[in-house]
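# Survey of secondary and tertiary structure
Here is what each chain is made of, one letter per residue.
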Amino acid sequence: MTTRQIRRRAALAGAALLPFAAPFPLAAAPADRPLRILLGFPAGAGPDLLGRLLAEGMREGWPAGILVDNRPGAGGLIAAQEVAKASPADGGTVLLGEVGQLAMAPSTYARLPYDPARDFTAVAALASVDFALVVPPGLPGADLDAYLDWARRQPALYMGTFGAGSPGHFAAAMLGAAAGLTVEPVHFRATADAVSALLNGNVQGMFGSIAVVAPHVQAGRMKALAMTGPERSPLLPGVPTMAELGRPALSVSAWFGLVAPAAVPAPAVAEIEAAVLRAMAVPALRMRLQEAGFRPSPAGGREFAALIRAETARWAQVVRETGFRAIE
């Protein structure tokens, strides 16, 4: 063998040892640490179901294990603050955040214990959910206009919400501003508590996630007057959207996605992003989410970051236009 041939073989052997470029850094390697997904909502709530379905879908590609950890309270702010300050910031802890925590809170809280733009890195968008305006069946009014006519004759309209500064709270304030009503929000720890209050006649309406309220509507325990999403829900196909009823400004949806502490290294963020998008691409998971009332809308971190920025600006404008009071 000539010297030239020896050198050629050595060069080829050395090239084989070089790392190859992957679409996502570390995405092809097994996850070597447990992943904790924090939720700002109690077990059994819609976001909890989303988090557990996602964790189930990710487990095959994340052998170190995934833990869904509920930290309810303060409209999700407790969980968001914990993740923002998580240490070490190695990608082992992420937040399943939603529109209230990430886009509404900067305008609705006078003192926010974290800064969504500064303290988080967007990982991936997951899904969105729409709401239904539901009322006790005994209240006057067969449709939205009749209900609002009745409400205007009351000293105030008491509406349940699933937390101060939540999308349900915002939707109630927007309804009051659009219809010329005095709305008094009655805040509860979770959607289930607000539903119980409405079923017992302690509040006169609420905006509840469709998956939660649909069984009660179907059983005749409450009336659904309108949907807040872009289209009718297959769970309640007979209920029109706000846009159909001539009130497009009352279109409100809650979206969900994963964010990590801002200091988490980019390769770790990319690894989680890739695992999430692989799981969300599985038809069985998407079907289960749809059956639970979610609209799957997976997207990578760059797209999710753009959504958060756009929605933060949108809700800041809504706050100005509705006169929504800042929450202490």
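Calculation notes
- Residues numbered from 1 in each chain as written.
- Predicted model: local features only at pLDDT ≥ 70, side-chain atom pairs only at ≥ 80, totals over all residues.
- Heavy atoms only, no water.
- Buried < 20%, exposed > 50% of the residue type's maximum accessible area, 1.4 Å probe, protein only.
- Helix = DSSP H or I, 4+ residues; strand = E, 2+ residues; numbered from the N terminus.
- Pairing = 2+ DSSP bridges.
- 1 Å grid on protein atoms, 1.4 Å probe; cavity = no way out; pocket = protein on both sides within 12 Å on 5 of 7 lines; lining within 4 Å.
- Points joined across faces, edges and corners; volume = space filled by probe spheres on them.
- Nonpolar A, V, L, I, M, F, W, Y, C, P; charged D, E, K, R; others polar.
- Phe/Tyr/Trp six-rings, centres within 6.5 Å; stacked < 30°, edge-to-face > 60°.
- Expected span 1.5 Å × (residues − 1).
- Arc of directions from axis to C-beta.
- pLDDT = per-residue confidence, 0-100.
- Contact = heavy atoms within 4.5 Å.
- Axes fitted to C-alpha atoms, helices over the stretch in contact; angles between N-to-C directions.
- Left-handed = near helix turned anticlockwise from the far one by under 90°.
- Polar contact = N/O pair within 3.5 Å; in protein donor to acceptor, adjacent residues only side chain to side chain.

Our focus in this paragraph is the pairing of strand β7 (residues 206–209). Judged by which residues are buried, β7 turns out to be covered on both faces: Met206 and Gly208 on one side and Phe207 and Ser209 on the other are all buried. One ladder, built from 4 bridges, connects strand β4 (residues 120–135) with β7; its direction is antiparallel. Looking across to β7, one finds that valine 134 is bridged to methionine 206.

Before going further, it helps to spend a moment on empty space enclosed by the protein. Within the structure shown, the criterion is met by 1 cavity of 30 Å³ or more. Its volume calculated, the largest cavity comes out at about 50 Å³. Surrounding the largest cavity, Phe41, Gly75, Leu77, Glu98, Gly100, Ala105, Tyr109, Phe162, Ala164, Gly165, Ser166 and Pro167 form its lining. Looking at side-chain class alone, the lining of the largest cavity contains 7 nonpolar, 4 polar and 1 charged residues.

Next up on the list: the packing of aromatic side chains. Remark: the centre distance and the inter-plane angle together describe each pair of aromatic rings, the angle taken between the planes. Per the counting criterion, the structure on display carries 6 aromatic pairs. Arranged with centres 4.8 Å apart and planes meeting at 50°, the rings of phenylalanine 170 and tryptophan 315 form a pair that is tilted. In this pair, phenylalanine 170 sits in helix α7 (residues 167–179) while tryptophan 315 sits in helix α12 (residues 301–322), placing the two residues 145 residues apart along the sequence. The same class applies to phenylalanine 170 and to tryptophan 315, which are both buried.

Taking 1.5 Å per residue as the helical rise, α12 with its 22 residues ought to reach 32 Å, and the 31 Å between its terminal C-alpha atoms agrees with that figure. Within α12 the residues assigned to the buried category are Gly301, Phe304, Ile308, Glu311, Trp315, Ala316, Val318 and Val319. For α12, the angular spread of the buried residues around the axis is 160°, confining them to a single face. The exposed set on the far side of α12, more than 90 degrees from its buried face, consists of Arg302, Arg309, Arg320 and Glu321. Looking one or two residues past α12, glycine 323 carries a phi angle of roughly 70°, positive in sign.

Going from serine 87 to proline 88, the amide bond is cis rather than trans, its omega being 0°. As for its placement among the helices and strands, proline 88 is situated in the loop between α3 (77–84) and β3 (93–98). Backbone geometry at alanine 74 places phi at a positive 55°, although glycine is not the residue there. Inspection of the secondary structure assignment puts alanine 74 in the loop between β2 (66–70) and α3.

Further remarks concern the confidence of the model for the protein. For the protein, the mean per-residue pLDDT works out to 87, and 90% of the residues sit at or above 70. Here residues 1–30 is modelled with pLDDT under 50, and outside its nearest four sequence neighbours on either side it reaches 15 contacts, counting other chains as well.

The geometry of helix α4 (residues 99–108) relative to α12 is characterised by a closest axis approach of 8 Å and an angle of 35° between their N-to-C directions. Crossing geometry of α4 relative to α12 is assigned as right-handed. Listed contacts from α12 to Val99, Leu102, Ala103, Met104, Pro106, Ser107 and Thr108 of α4 are Phe304, Ile308, Glu311, Thr312, Trp315, Ala316 and Val319.

This part takes up helix α6 (residues 144–152). Considered for burial, the residues of α6 that qualify are Leu144, Tyr147, Leu148, Trp150 and Ala151. Each buried residue of α6 sits inside an arc of 160° when the element is viewed along its axis, so together they form one side. Against the buried residues of α6 lie β4, β5 (157–161), α7 and β8 (223–227). The residue sitting at the N-terminus of α6 and contributing the capping side-chain oxygen is aspartate 143; that oxygen lies 3.4 Å from the backbone nitrogen of aspartate 145.

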